[in-house]
Amino acid sequence: MAAHGNVSRSPRPASCGQRLAEINRREGAARALRVLVDAGGCHGFQYRLELTDRSEEDDVVFERDGSRVVVDAMSLDMIRGSTIDFVDELIGSSFQVVGNPNAESACGCKTSFSIKI
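Parameters at a glance
- Residues numbered from 1 in each chain as written.
- Predicted model: local features only at pLDDT ≥ 70, side-chain atom pairs only at ≥ 80, totals over all residues.
- Heavy atoms only, no water.
- Helix = DSSP H or I, 4+ residues; strand = E, 2+ residues; numbered from the N terminus.
- Buried < 20%, exposed > 50% of the residue type's maximum accessible area, 1.4 Å probe, protein only.
- Core = buried A, V, L, I, M, F, W, Y, C linked by side-chain atoms within 4.5 Å.
- Contact = heavy atoms within 4.5 Å.
- Pairing = 2+ DSSP bridges.
- Axes fitted to C-alpha atoms, helices over the stretch in contact; angles between N-to-C directions.

Q: Sorry, what's going on with the environment of Leu36 here?
A: Note that Leu36 resides in strand E2 (residues 32-39). The class for Leu36 is buried, based on a relative accessible area of 11%. Measuring from C-alpha to C-alpha, the distance between Leu36 and Asp72 comes to 6.9 Å, with 36 residues separating the pair along the chain.

Q: Sorry if this is basic, but what is going on with the nonpolar core here?
A: Most often, soluble globular proteins have nonpolar side chains that are buried together. Judged by nonpolar contacts, the single largest core of 19 residues is most densely connected at Leu33, Val35, Val69, Val71, Ile79, Ile84 and Phe95. Residue assignment for this core shows that the elements contributing at least two residues are helix H1 (16-27), E2, strand E5 (67-72), helix H2 (73-79), strand E6 (83-89) and strand E7 (92-98). If we skip the residues at most four places from it in the chain, Val35 touches Arg48, Leu49, Val69, Val70, Val71, Asp72, Ser75, Ile79, Ile84 and Val97.

Q: When you look at the side chain of Asn24 in this model, what are you seeing that I'm missing?
A: Mapped onto the elements, Asn24 comes out in helix H1. By relative accessible area, Asn24 is classed as buried at 9%.

Q: Whenever I open this one, the sheet that holds strand E9 (residues 112-115) confuses me. Can you help?
A: Within a sheet, neighbouring strands are paired by backbone hydrogen bonds and run either parallel or antiparallel to one another. In space, the six strands of this open sheet follow the order E4-E5-E2-E3-E9-E8, with mixed pairing throughout. Either end of the sheet is taken by a strand with one partner, and the two such strands are strand E4 (59-64) and strand E8 (103-106). Here the average twist between neighbouring strands, direction ignored, is 30°. Of the strands in this sheet, E2, strand E3 (45-52) and E5 touch H1, which is tilted by about 110° from E5.

This is how it looks when you write it as structure tokens:
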């Protein structure tokens, strides 16, 4: 997917949008993937990705082919330029924020990062 607001979804097969569409089709739902950045984790900040039925007033909504990703304004500043992807690995499958140009360092679990100042 091309960048929208400087956040993109992976163009690969089994990407974020396709996996989200599969989940919604299987569950008969129309949920979005919410991407949040919270304080915490071993590097100071952590990604939290969850399915949601609603948007908040300050959310930015990214939509493509019927799949939606919602990001609040504060989190968007910390992930601008990143890609939201669905990653299938031997240790498990998950939605992930990858290639965050605002992250100075990250932990091995790929959920915690420190921000460039």
